[in-house]
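Coordinates in review
Given next are the chains, with one letter for each unit.
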Amino acid sequence: MKELQFTLFALFFTVYAYGAKVDTIPVYSKAMKKEIKCIFITPEKNSKTERFPVVYVLHGYSGNPSRTLKQDIPDLAEQSERYQMIFVLPDGGYDSWYFDSIADDNVRYETFISKELISFTDQSYPTLPAKNKRAIYGWSMGGQGALYLAIRHKDLFGAAGSICGAVDFRPFTNAYGIEKGLGDFQTHQKSWEEHTALYQAGALKNKDLKIIIDCGLNDPLLNCNRALHQKLIDLKVDHDYTERPGEHNNAYWSKASAYQLLFIHNYFIQS
């Protein structure tokens, strides 16, 4: 019955842009016992058997998939057609940080994306369901989330990108809702550290994951991105790292997204 509801909802909330199909679908999460609104962008098929690689797109703090298409990365439908890729935009909530909370059993965004959403996408869309045809990227909270999830699930993702990512959020001990998921910093310092992409990077070996990191020179998160860059150098893990003029805003994210999607596209066609 739920599958029928999904199908009817998708048919009702489907639009077309640049030849790509844009569906808005509430995907039920058994882990969180609620529906998560997701947007799926699919390029126009040239044949009934054609299948596409998939990129999961994670929005930043206080964002949502609709705002992504309207403000943050407004050309995703065009990019879907250009690169022949499916984009999946899950609603990560106002401040979920894309991990499984240690403080609230009903907040399980890592489980939702890595298990439930990937399964739903591969069952519902013409995907190429393999690690080397699956990538994830995002900005700010979503950049941290993309690297965190990709490193922890290297069996699922072949490439990952972060734009202005909050890859070490420990300085923000009383802000951005992190304490709701991990508890207060003073009592749970180790857990806070372990949930950062900076810490998780220590588990990487070279060639585990294709990585691209981008941050603006006037971004308040520049130093933590530089620290992650240096850690990857020390670990001898190949990655692309870019700093360019810009601030922590959607003007920067949108420009950087074009480079990251080209990077991911090249990974797909070479793998």
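Residues numbered from 1 in each chain as written. Predicted model: local features only at pLDDT ≥ 70, side-chain atom pairs only at ≥ 80, totals over all residues. Heavy atoms only, no water.

A short note on the overall build of the protein chain
- Summing up its helical and strand segments, the protein chain has 10 helices and nine strands in all.
- Its C-alpha radius of gyration of 18 Å places the protein chain within 12% of the 18 Å reference for a compact globule of 271 residues.
- Taking the principal axes of the C-alpha coordinates as reference, the protein chain spans close to 50 × 40 × 30 Å.
- A burial count over the protein chain gives 54% of its 271 residues as buried.
- Residue pairs at least 24 apart in sequence account for 71% of intrachain contacts in the protein chain once pairs closer than 6 positions are excluded.
- Accessible surface, the protein chain: about 12,100 Å² in total, of which carbon and sulfur atoms supply 51%.
- Put simply, the protein chain has 30 plus and 31 minus side-chain charges, and the middle of one group is 4 Å from the middle of the other. (Helix = DSSP H or I, 4+ residues; strand = E, 2+ residues; numbered from the N terminus. Rg over C-alpha atoms; globule rule 2.2 N^0.38 Å. Buried < 20%, exposed > 50% of the residue type's maximum accessible area, 1.4 Å probe, protein only. Contact = heavy atoms within 4.5 Å. Areas by Shrake-Rupley, 256 points an atom, 1.4 Å probe, with all protein chains shown as cover. Lys, Arg positive; Asp, Glu negative; His and termini not counted. Charge placed at Lys NZ, Arg CZ, Asp CG, Glu CD.)

Overview of the packing of helix α3 (residues 76–83) against helix α10 (residues 250–270)
- Packing of α3 against α10 leaves a shortest axis separation of 11 Å and a crossing angle of 25°. As the angle between them shows, α3 and α10 are arranged roughly parallel. Here α3 and α10 pass one another in a crossing that is right-handed. Counted together, L76, Q79 and Y83 of α3 and A258, L261, L262 and H265 of α10 form the full contact between these two elements.
- Taken together, the residues that form the contact of α3 with α10 break down as five nonpolar, two polar and no charged. (Axes fitted to C-alpha atoms, helices over the stretch in contact; angles between N-to-C directions. Parallel < 35°, antiparallel > 145°, perpendicular 65-115°, else oblique. Left-handed = near helix turned anticlockwise from the far one by under 90°. Nonpolar A, V, L, I, M, F, W, Y, C, P; charged D, E, K, R; others polar.)

Let's talk about the confidence of the model for the protein chain
- Per-chain confidence: the protein chain averages 94 in pLDDT, with 93% of residues scoring 70 or above.
- Every residue in residues 1–12 scores below 50 in pLDDT, and together they form 12 contacts with partners more than four places removed in sequence or on other chains. (pLDDT = per-residue confidence, 0-100.)

Quick look at the pairing of strand β4 (residues 54–58)
- Of all five residues that make up β4, five are buried, and the element is covered over most of its length.
- Burial along β4 is two-sided: the residues V54, Y56 and L58 and V55 and V57 are all buried.
- With three bridges connecting them, β4 and strand β5 (residues 86–90) associate as parallel partners. Looking at β5, one finds that V55 is bridged to F87.
- Note: β4 against strand β6 (residues 134–139), five bridges, orientation parallel. When the bridges of β6 are listed, Y56 appears paired with I136. (Pairing = 2+ DSSP bridges.)

Digging into α3
- Of all the residues in α3, the buried ones are L76, A77, Q79, S80 and Y83. Buried residues of α3, seen end-on, are gathered within an arc of 160° and therefore sit on one face of the element.
- Just downstream of α3 lies Q84, where phi reads positive at about 55°. (Arc of directions from axis to C-beta.)

Some words on the packing of aromatic side chains
- Tallied over the full model, the rule gives 13 aromatic pairs.
- Taking 5.1 Å as the distance between ring centres and 70° as the angle between the ring planes, the aromatic pair formed by Y61 and Y94 counts as edge-to-face. Here the residue Y61 occupies a position in the loop between β4 and α2 (65–72), and Y94 occupies one in the loop between β5 and α4 (109–124), the gap between them amounting to 33 residues.
- Residue Y61 is classed as partly exposed on the basis of its relative accessible area, which comes to 25%. (Phe/Tyr/Trp six-rings, centres within 6.5 Å; stacked < 30°, edge-to-face > 60°.)

Comments concerning unusual backbone geometry
- Its identity is not glycine, yet W97 carries a phi of approximately 65°, on the positive side.
- Note that W97 resides in the loop between β5 and α4.
- Since its relative accessible area comes to 3%, W97 is described here as buried.
- Of note, the phi angle at K236 is positive, near 60°, even though the residue is not glycine.
- For K236, the location among the structural elements is in the loop between α9 (222–234) and β9 (240–244).

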